[in-house]
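Observations on chain architecture
The lines below spell out each chain.
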Amino acid sequence: MDNKLQINQNAEQTYLSIRHSIVSAQHKLSAAVNATMVTAYWEIGEQIYKACGENDRAEYGKRLLEYLSQQLTAEFGTGFTVRNLRAMRQFYCMFPIRHTLCAELSCSHYRLLMRIPDEKARAFYTEECAKSAWSVRQLERQIHTMYYQRILASQDKTLVAAEIQNTEPKPEYEKIVKDPYVMEFLQIQPDTHVYEGQLEQALIDHLQHFLLELGRGFSFVARQKKFTLDGQNFFIDLVFYNYILKCFILIDLKMGKLTHQDLEQMQMYVNYYTRELMNEGDTPPIGIVPCADKGDSVVKYTLPEDNRQIFASKYFTYLPTEEELKRELCLDEFHKLEE
């Protein structure tokens, strides 16, 4: 009995050690990709600025951006629209000194920082965000609650600085919900048309692989979970429970481009689980809508600003190239810069 206990303890210690190595490697890879893309967008912005000067909206600047967009899109694919290129130029203009870029900050962080018109405030938030390792949501809250102005006026700067951990702790779901999901284990060739039911069946057939791709703490609950409202039947494609978040995870697969109706449907599913099926001690359920393509504006304007329950994630049924993965991780954020 003691020997069995010792084996179990050793196995658990070995698992935790291996897990630490994997998580550490994932963090380093993500940080490296992010730093590379931030630098690349800064360099693109610098070159555009030097080519078209102060006014990129003058006739020459417009023609140049249109030409660059056409050429880059033809060679590298989507993501190099005129608006995105203009946003990269704006990025360079707001952070003209290269060594001031912080490797710790993501494109999403810079997207928020670029909306701060005051140069001193922007520099303050950049430095504090990197030093304190704020999440994107934490940075957003600090900006909206005028943290810079309050810290300057406060007699107790330590108290003001510490309040973020109480009012906006780093949400665990940001570590759980992925975007994109890579499901190459389904062995579906690129550009092969499949129906939602076929994709769902393939995920069930490869459930162990799918659980690994979902991440930590997931356990399978149900497929095609049925509930009835006003005599009408509804079916949720897949239901999981996450023991880390202590909540149900509802997944509704979409083969085509995401629509606002897809998000509204998931909102109804989440509302139903919240009001009818949550157990004592559970946190509110989360809905994930994996889709083949999504527009960030549709997500932004369909869901409330304080949304923490509904998420749309793009999926690949094949292993994306390094370039595709980089674009998915970062380029979409620059697409939002001029919204």
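Our structure is the block above this text.
Residues numbered from 1 in each chain as written. Predicted model: local features only at pLDDT ≥ 70, side-chain atom pairs only at ≥ 80, totals over all residues. Heavy atoms only, no water.

1. Let's talk about the overall build of the protein chain
A count of helical and extended segments in the protein chain gives 14 helices and seven strands. The burial tally for the protein chain puts 41% of its 339 residues in the buried class. Within the protein chain, contacts between residues separated by at least 24 positions form 64% of all contacts whose residues are at least 6 apart in sequence. When the accessible surface of the protein chain is split by element, carbon and sulfur atoms take 53% of a total near 19,300 Å². (Helix = DSSP H or I, 4+ residues; strand = E, 2+ residues; numbered from the N terminus. Buried < 20%, exposed > 50% of the residue type's maximum accessible area, 1.4 Å probe, protein only. Contact = heavy atoms within 4.5 Å. Areas by Shrake-Rupley, 256 points an atom, 1.4 Å probe, with all protein chains shown as cover.)

2. Things to note about the packing of helix α2 (residues 59–76) against helix α3 (residues 82–94)
Interaxial distance between α2 and α3 falls to 9 Å at its minimum, and their mutual angle equals 115 degrees. Comparing the axis directions of α2 and α3 gives the class roughly perpendicular. Seen from above, α2 lies across α3 with right-handed handedness. Facing α2, whose interface residues are L65, E66, L68, S69 and L72, α3 presents V82, L85 and R86. Of the residues that constitute the contact of α2 with α3, the class distribution is five nonpolar, one polar and two charged. (Axes fitted to C-alpha atoms, helices over the stretch in contact; angles between N-to-C directions. Parallel < 35°, antiparallel > 145°, perpendicular 65-115°, else oblique. Left-handed = near helix turned anticlockwise from the far one by under 90°. Nonpolar A, V, L, I, M, F, W, Y, C, P; charged D, E, K, R; others polar.)

3. As for the packing of aromatic side chains
Enumeration according to the criterion identifies 17 aromatic pairs in this entry. Three or more aromatic residues link up through ring pairs in this structure, and these residues are F227, F234, Y241, F248, Y269, Y272 and Y273. Lying across the ring of F95, R122 places its NZ or CZ 6.0 Å from the centre. (Phe/Tyr/Trp six-rings, centres within 6.5 Å; stacked < 30°, edge-to-face > 60°. Lys NZ or Arg CZ within 6 Å of the ring centre and 35° of its normal.)

4. Observations regarding the nonpolar core
Formed by 34 residues in total, the largest nonpolar core has its most connected members in F91, F95, Y110, L113 and Y125. For this core, the secondary-structure elements that each account for two or more residues are α1 (2–52), α2, α3, α4 (107–113), α5 (119–132) and α7 (147–153). Residue contributions to this core peak at seven residues, all from α1. In this structure, L113 is in contact with F95, L105, R122, Y125, T126 and L139, ignoring residues within four places of it in sequence. In this structure, F234, I236, L263 and V289 belong to the second largest nonpolar core, which totals 19 residues. (Core = buried A, V, L, I, M, F, W, Y, C linked by side-chain atoms within 4.5 Å.)

5. A look at the side chain of T126
Within the secondary structure layout, T126 lies in helix α5. Discounting residues that sit within four places of it in the chain, T126 has contacts with F95, C102, L105 and L113.

6. Remarks on unusual backbone geometry
For Q224, which is not glycine, the phi dihedral falls at a positive 50 degrees. Among the secondary structure elements, Q224 is positioned in strand β2 (residues 218–229). The backbone of D230 sits at a positive phi, close to 50 degrees, despite the residue not being glycine. For D230, the location among the structural elements is in the loop between β2 and β3 (232–242). For D230, a relative accessible area of 85% puts it in the exposed group.

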